[in-house]
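Fold and contact review
Chain residues, written in single-letter form:
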Amino acid sequence: MSRLIIKGVSRVFPGSHGGQPTQALQPTDLTVEHNDFVSILGPSGCGKSTLLRIIAGLDTPTTGTVTLDGTAVRGPGADRGVVFQSYTLFPWLTVEQNIGFGLRERGVRDRDRREIVASYIEKVGLKGFEHHWPKQLSGGMQQRTAIARALANDPKILLLDEPFGALDNQTRGLMQELLLGIWEREQKTVIFVTHDIEEAIFMASHVVTMSARPGRVKSITPVPLAHPRHYTIKASPEFSRLRLDLTEEIRTEAILAAEVH
């Protein structure tokens, strides 16, 4: 059971060449329960990615704490899997080797590693591409590999920073369904940063909306749509109502951000 608690987390970046410091994140509180799928939405520059990097242990908060199951986050760890928008595969490793990289680093036995890797290759639909190099794969296939690599380590929580942002619309829709299907089977806790309102609603159990910079959690909206979800749910009245409400909220924040900056 994984419970993430963010308490009073803020981030101030020092100014360059003696300039004024920039506050990217106001003191922020957020609790994410086990097996929750949380989408984080907000206007550009509101601190979404900064917050995710702090949870991942890739950045240090100026104030506040992040704890996962009662243990303070003080750096990267195997209990958190991270997938970025940019393709971060090792170009000198095959699909199979990329997915198994973390397992090998942890000293997992060869036989067990092969079984785990084969299982995730099957789950993300890459059977037959095990021995391909990243440069031989499409963007969508590279992200499938990255997601499989993150999940193969059996993290308590999966952190994704606009993972489908660079994909075309058709591939993006397919990847949304793929990830949602894996989440429904794997029972993982997921935090998913996106600027796409429709994507945020379709994927999440809860949508967290952040204010304009310096960001803070402005609202948390439950998404009462049944699982398993099919893409046709995007045409339902319930979905349309949520999209309209969140569009209005994000639009208001974007206007505020434009007025301030």
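Reading the values: the criteria
- Residues numbered from 1 in each chain as written.
- Predicted model: local features only at pLDDT ≥ 70, side-chain atom pairs only at ≥ 80, totals over all residues.
- Heavy atoms only, no water.
- Buried < 20%, exposed > 50% of the residue type's maximum accessible area, 1.4 Å probe, protein only.
- Helix = DSSP H or I, 4+ residues; strand = E, 2+ residues; numbered from the N terminus.
- Polar contact = N/O pair within 3.5 Å; in protein donor to acceptor, adjacent residues only side chain to side chain.
- Contact = heavy atoms within 4.5 Å.
- Salt bridge = Lys/Arg side-chain N within 4 Å of Asp/Glu carboxyl O.
- Phe/Tyr/Trp six-rings, centres within 6.5 Å; stacked < 30°, edge-to-face > 60°.
- Pairing = 2+ DSSP bridges.
- Axes fitted to C-alpha atoms, helices over the stretch in contact; angles between N-to-C directions.
- Core = buried A, V, L, I, M, F, W, Y, C linked by side-chain atoms within 4.5 Å.

Observations concerning helix α1 (residues 48-56)
Among the 9 residues of α1, 7 are classified as buried, and the element is accordingly described as predominantly covered. Within the sequence span of α1, burial applies to Lys-48, Thr-50, Leu-51, Leu-52, Ile-54, Ile-55 and Ala-56. Directly after α1, the chain includes Gly-57, whose backbone phi takes a positive value near 85°.

A word on the environment of Ile-116
Within the secondary structure layout, Ile-116 lies in helix α4 (residues 110-123). For the pair Ile-116 and Gly-47, spaced 69 residues apart in the sequence, the C-alpha separation amounts to 35 Å.

Digging into the side chain of Lys-188
In this structure, Lys-188 sits in the loop between α6 (169-186) and β8 (189-193). Lys-188 sits in the buried class, given a relative accessible area of 8%. For Lys-188, the side chain forms a polar contact with the side chain of Asp-154, separated by 2.5 Å. With sequence-adjacent residues up to four places away left out, Lys-188 is seen in contact with Asn-35, Asp-36, Leu-151, Asp-154, Pro-155 and Trp-183.

Notes on the pattern of salt bridges
Within the structure shown, the criterion is met by 12 salt bridges. The salt bridge involving Arg-11 is made with Asp-59; its shortest N-O contact spans 3.1 Å. Residue Arg-11 is located in strand β1 (residues 4-13), and its partner Asp-59 is located in the loop between α1 and β4 (63-68); the two are separated by 48 residues in the primary sequence. Here Arg-11 matches Asp-59 in class, with each residue buried.

Topic: the packing of aromatic side chains
Pairs of aromatic rings are described using the distance from one ring centre to the other and the angle between the two planes. According to the stated counting rule, one finds 5 aromatic pairs in the structure shown. Arranged with centres 6.0 Å apart and planes meeting at 45°, the rings of Phe-37 and Phe-192 form a pair that is tilted. In this pair, Phe-37 is assigned in strand β3 (residues 37-41) and Phe-192 in strand β8, connecting sequence segments 155 residues apart. Per residue, the accessibility class of Phe-37 equals that of Phe-192, and both read buried. Geometrically, the ring pair formed by Phe-90 and Trp-92 is tilted, given 5.2 Å between the ring centres and 35° between the ring planes. Among the residues examined, Trp-92 registers a relative accessible area of 59% and is labelled exposed. Three or more aromatic residues joined by ring pairs make a cluster, and in this case those are Phe-37, Phe-164, Trp-183 and Phe-192.

As for the sheet that holds strand β2 (residues 22-32)
Judged by pairing direction, the sheet is antiparallel, and its 4 strands sit side by side in the order β2-β1-β4-β5 without closing on themselves. The sheet is open, and its two borders are formed by β2 and β5 (71-72), each paired with just one other strand. One ladder, built from 2 bridges, connects β4 with β5; its direction is antiparallel. Considered in β5, the bridge of Thr-67 is made with Ala-72. Of the strands in this sheet, β1, β2 and β4 touch α1, which is tilted by about 120° from β1.

Points about the nonpolar core
Core analysis: the biggest nonpolar cluster contains 46 residues, and Phe-37, Ile-147, Leu-158, Leu-160, Leu-179, Phe-192 and Ile-201 have the highest contact counts within it. If you tally residues by element for this core, the top one is helix α5 (residues 139-152), at 7 residues. Discounting residues that sit within four places of it in the chain, Leu-160 has contacts with Leu-52, Val-83, Ile-147, Leu-179, Val-190, Ile-191, Phe-192 and Val-193. Core analysis: the next-biggest nonpolar cluster, separate from the first, contains 23 residues, Val-38, Ile-55, Leu-68 and Leu-159 among them.

Some remarks on unusual backbone geometry
The omega torsion across Arg-213 and Pro-214 is -5°, close enough to zero to call that bond cis. Looking at where Pro-214 falls in the secondary structure, it is placed in the loop between β9 (206-210) and β10 (217-222). Cis geometry is adopted by the peptide bond preceding Pro-228, which originates at His-227 and carries an omega value of -5°. The phi dihedral of Asp-69 is positive, around 55°, even though this residue is not glycine. Here Asp-69 lies in the loop between β4 and β5. Judged by its relative accessible area of 31%, Asp-69 falls in the partly exposed class. Despite not being glycine, Glu-162 has its phi angle at roughly 45°, a positive value. With respect to the element layout, Glu-162 can be found in the loop between β7 (157-161) and α6.

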